[in-house]
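Each chain, letter by letter, is given below.
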Amino acid sequence: MSACTCFFAPAAGLGKSDVEIRDAKHSLGRGIEDGKRIDAVPGAGQRRVVDPRNKRWEVMATGEDKGGGSGGSLQGNVVQQTVDEGLRRRNVGAVPEALQQMMMQNATLKAPLKMLPSEPFDDGRPYPSWSRTVEEVLDHHGITDLRDGLSEEAVEQRRHVYGLNELEKEPGTPFWKLVLAQFDDALVKVLIAAAFVSFVLAYLEGRETGEMGISAFTEPLVILLIVALNAVIGVWQESRAESTLQALKDMQPETARVFREGKEIPDLPARELVPGDVVELRVGDKVPADMRIVKLQSMSVRLEQASLTGESEPVLKGVEKVEVPLSRELTDEEPDIAIQSKDCMAFAGTTVSNGNCFCVVNDTGMRTEIGKIQSQLKQASEVDYDTPLSRKLDEFASQLTTVVGAVCVLVWLMNYKYFVSWEIADNGMPNNFQVNIGQATYYFKVAVALAVAAIPEGLPAVITTCLALGTRRMAQENAIVRKIQSVETLGCTTVICSDKTGTLTTNQMSVIQFVGVGVDEGELRDYEVMGTSYNPRDGGVSSLPSKLNENLETIAQVCALCNDAGLMFKKGKYVASGMPTEAALKVLVEKIGLSDPLAQSVVNEARIADPEKNALGCCEVWAKSAERLATLEFDRYRKSMSVLLRRRDSSSSGVHANHLFVKGAAECVLDRCDFVQLEDGRVVRMTASFRKSIVSRVDAMTRQALRCLAFAVKTDLGALRTYDGESHPAHALLLKPENYSIIESGLTFVGLAGLQDPPRKEVRASMLDCQKAGIRVIVITGDNKNTAEAICRQIGLFDADEDLSNRSFTGTEFMQLPSSERMRILVDKNAASGQSRGFVFSRAEPRHKQEIVRMLKAGGDVVAMTGDGVNDAPALKLADIGIAMGIAGTEVAKEASDMVLVDDNFTTIVAAVREGRSIYNNMKAFIRYLISSNIGEVVSIFLTALLGFPQGLIPVQLLWVNLVTDGAPATALGFNPPDKNIMEQPPRRPNEPLLGRWVLFRYLVIGTYVGLATVGVFALWYVAPGPILGLDLTADGHTPVTAHQLAHWGACSKELGSGVWENFAVTPFTAGNRVFDFQGNPCAYFEEGKVKASTLAMSTLVVIEMFNALNALSEDNSLLMTPPWSNSWLLLAIGVSMGLHFAILYTPWLADIFGVVPLSLQEWLLVVAISAPIILVDEVLKFVGRKWFTRKADD
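One structure accompanies this document, and this report is about it.

Cut-off values and rules
Residues numbered from 1 in each chain as written. Predicted model: local features only at pLDDT ≥ 70, side-chain atom pairs only at ≥ 80, totals over all residues. Heavy atoms only, no water. Phe/Tyr/Trp six-rings, centres within 6.5 Å; stacked < 30°, edge-to-face > 60°. Helix = DSSP H or I, 4+ residues; strand = E, 2+ residues; numbered from the N terminus. Buried < 20%, exposed > 50% of the residue type's maximum accessible area, 1.4 Å probe, protein only. Lys NZ or Arg CZ within 6 Å of the ring centre and 35° of its normal. Disulfide = S-S within 2.5 Å. Pairing = 2+ DSSP bridges.

## Topic: the packing of aromatic side chains
Next, step 1: Going through the model one piece at a time under the given rule, you end up with 25 aromatic pairs.
Next, step 2: Ring centres 5.4 Å apart and planes at 80 degrees place the aromatic pair Tyr-1022 and Tyr-1085 in the edge-to-face group. Separated by 63 residues along the polypeptide, Tyr-1022 in helix α32 (residues 997-1023) and Tyr-1085 in the loop between β38 (1074-1076) and α35 (1091-1111) bring together distant segments of the chain.
Next, step 3: Between Phe-1142 and Tyr-1146, the aromatic rings sit 6.4 Å apart at their centres with planes inclined by 55 degrees, giving tilted as the arrangement. Residue Phe-1142 and its partner Tyr-1146 are both found in helix α36 (residues 1128-1146); the two are separated by four residues, about one turn of the helix.
Next, step 4: Overall, the relative accessible area of 41% leaves Tyr-1146 in the partly exposed class.
Next, step 5: Three or more aromatic residues joined by ring pairs make a cluster, and in this case those are Phe-1018, Trp-1021, Tyr-1022, Trp-1061, Phe-1064, Phe-1069, Phe-1076, Phe-1078, Tyr-1085 and Phe-1086.
Next, step 6: Stacked on the ring of Phe-634, the Lys or Arg Arg-302 has its end atom at 4.7 Å from the ring centre.
Next, step 7: Across the ring face of Phe-839, the terminal group of Arg-807 is positioned such that the distance to the ring centre comes to 5.9 Å.

## Observations concerning the state of the cysteines
Next, step 1: In the structure shown here, the tally under the stated rule is one disulfide.
Next, step 2: The residue that forms a disulfide with Cys-1052 is Cys-1083, at a sulfur-sulfur distance of 1.9 Å. Handedness of the Cys-1052-Cys-1083 disulfide follows from its S-S torsion of about -80 degrees: it is left-handed. Of this pair, Cys-1052 sits in helix α34 (residues 1052-1055) while Cys-1083 sits in the loop between β38 and α35, and the two are 31 residues apart along the sequence. Both residues of the pair, Cys-1052 and Cys-1083, belong to the buried class.

## Some thoughts on the pairing of strand β33 (residues 839-842)
Next, step 1: Neither face of β33 is open: one carries Phe-839 and Phe-841, the other Val-840 and Ser-842, and all of them are buried.
Next, step 2: Bridge analysis of strand β31 (residues 776-780) against β33 gives three bridges, and the strand direction is parallel. Bridge assignment links Ile-778 to a residue of β33, and that residue is Phe-839.
Next, step 3: Where strand β32 (residues 808-810) and β33 come together, three bridges link them in parallel fashion. Across the sheet, residue Thr-810 finds its bridge partner in β33, namely Ser-842.

## Some details on unusual backbone geometry
Next, step 1: In the Ramachandran plot, Lys-639 falls in the positive-phi region, its phi being about 55 degrees despite a non-glycine side chain.
Next, step 2: One can find Lys-639 in the loop between β24 (626-632) and β25 (640-647).
Next, step 3: For Lys-639, a relative accessible area of 36% translates into the label partly exposed.
Next, step 4: Positioned with a positive phi, Arg-843 is a non-glycine residue whose angle comes to about 50 degrees.
Next, step 5: Given a relative accessible area of 29%, Arg-843 falls into the partly exposed group.

Here it is as structure tokens:
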């Protein structure tokens, strides 16, 4: 007979206890001594230590043949085999074949084979402690006594595997990358290219003329100044530290109360925690890591984990493992179970709201739930996203570059006859080509001038200014915009994914109704409670009698005295301290009031005089009527809490016998009630029919998603009837929680209360606005399904009797559907054509929210996502516009968002969408205004080149008009009032072009008129022989020429004295205080002499664009419907622009820079007469647009 001893060693982290793993046939494991890694195997006669850093398993088998047998005996031989890492799996099937053969060789084991914990210390895989019993968890981590904890050796081994308990730090973006990123924009690149060409031409011209001063480079310098200004603004916005990840780190506590080596360390740095550490949590502590609760130090423990899961109330925790469905095989991979279901886990970043407990650290650092969120947040941040407007502007800039380039080349080539000449040979072929470099350069400058005219240089600055103005207006609507581009995105939002708690609801628990008992047995009386806040004066109780009956007084006393919450008045509003449910019950007490009118009057006056100190006047009156002797804390088994009270009165003894006041889950308290208190205070035995009536009423409240509480009292307390403190003999009963159910038996039922975090009053109207505006609302919450559905019905997202089988899902249910089915449900346009196409997703986790957002965006929706918790941050980052809550929101959510709601109100989102639409409409107004003006400039230059006229507008003049003269009205258009029906129109399509076909045609017509007017007034000055419209343009003394001479002015110098230029001479003319004389060179009349005609053309362009700004007040409405005074800022801007134009005309040194001269009154009248008809032209086009081309809301 041979003997065999085997052991296997994991990679690291051995504890002091063994975990024996068995199946039906085998016992697998290894021997250890007192927590040593492997010192010896009893009876083996061999010692071997396995390096804990070794990633492989080793098996040692030793034995001796006692029976002289052969065939499979080891006969004292030492056999060492390296076993596959698959051994770490806890089943025999994973044990390598070599080991199984050894175990089956008729060997008698000298010591039981035991396997030390392999998870997670072999390769750092997660250990699902929530699905293990406390004993299994402790054995897994090698813990025998909670107050002993881990040894320092075990701590170091585990830290070697897991590292420090901290979130990863990401390097910031270098400053130089931020700067370069600002120039990665198509429109900016076009501007830079224009500035470069303009600079080269200015330099070449300066070398010829000898003028190399700064004035010679005005044009390129101004363009570069604009580019630099935009870059500065962009760097300033983006260089503000992206503190989302830092905010996540701030949620981690700095220290923890830990037990190691049998010692308590009250302030161990939290970053030094390792899996297996024993941590004590107390009230107010922030949880330092993901931990398994293994022992309660109090009757109950609650954690505030709304920031992680979205649950509206603190969550009751326990030590029992979470049962995994039998249909699911528990493997090393963690089963897909919601965070909210892990009632035995305390997650990093959450806070203990009440109770004390011992926990064992399970996951640290990036392996915690908050660490997973950081990873998701990082992934969401890497998604490159442009706003709809930025995409359209990029497309516009790309198209503009192509068109402008082509037109510039075309204009230059059209004038080839002025700088290229040749002779025709005898064979008919051209030869002897000659190029006039001077003329070629001149017409190249004309092409550059056309480029300057076509590019709206001021557009980036005007857009930034308009968005900034929009953010100010939105701040007045309680919406703070963190990322300026998100203002425009709001305007095309098609889906709002909203959280429930605090956004659609008040985030303040309120009693919606309560039930008392009537005068007859079996009679229940309902009372409706108005008000949705903690303000005692917000609403009241309907049908309340003028004098409270005994039953109502008892309900009020139970709510006031069986209660540990408080109410405070801070910053102008009431806030709860303690459990929200208990705070709501105290508010109910204040609304019920007191029986004594005089006492109630005193309470009311005191509350008005000092609301901060007298928030709970009625509760204080009841508190003075009794003394609390003991508290039977809530636990998850009884689901109730009770207080033992000694009630006072005015008798000589000053006391009554003790009473027990009880409140708790209705079904649990009702099971322990044998009696019922009637309206007049009489107590009768509860009949089966009356019990059935109460149960029916509880069911009705539950169907309304109300949290139903029952109230009860007990006066027959037996040994506790005279209890007066710890010295009383019956005190021993209160020391054992298992006695609480017995103490709380034989109760007297007094009433019910239905509580809810109620919807905000204004949300229903906002839902209707969203429906009219074509915006879908999807509610995504961490709360349970029934509560979420009930709230959605109350706010109007669903009808009262609507079938929600395909409208309401839990996050897990939805994710288990095939991807194609999920997409069909969310974004199918045919499925979404119903009257109400909202959805509600309950018990949603961060990954569910992100997947919903991704699918909506993939379906072409523009998604606004609201959130307040850490769990919302990745989805906020991923959405087109993330909206965080300002009051309840965590810093993580705020930093990940694009916009913050100051009042946490869904209605504010709708108001922001309205403002976003208005801002987008205004931006379209000034974009169209600028583009139509630029089209006019392009047409002007194109016609000038086509007709062969001298260049009427030089680049510096065009630049002045585009940046300064047009800039003020364009900015003022951002103040246009919103259209009255703006929220009755559907969201604009994300792919809707910036300039539709009709709009483009309309502004081509406008631009053509602008170009004709500008070129026409330039030509009129040269060719008009007499008065025009009663205005004499020759009053300045200039010489009229023929249209042919004007069109062929380039031939003047060559053909002077012959043909049409025979006897050509011009007389001097005056402009302001200057006299222009061309006796020596009459051909200069078309170059230096064009200054007056050029001024007329520039002035006509400016004035016509001022009239065009009035046209831009509304895209479709006539000026009769939207008069000029509807936007007083625009009138002011027009005044400023005209003032600036007058400044350059009548200030000599500015006139020299811009090549202009003063105009006379008659000349100004001509400018206005030619410019004003633009209003009539656009009015006709608006009428046609309204009649046939405007998209209707039902299209």
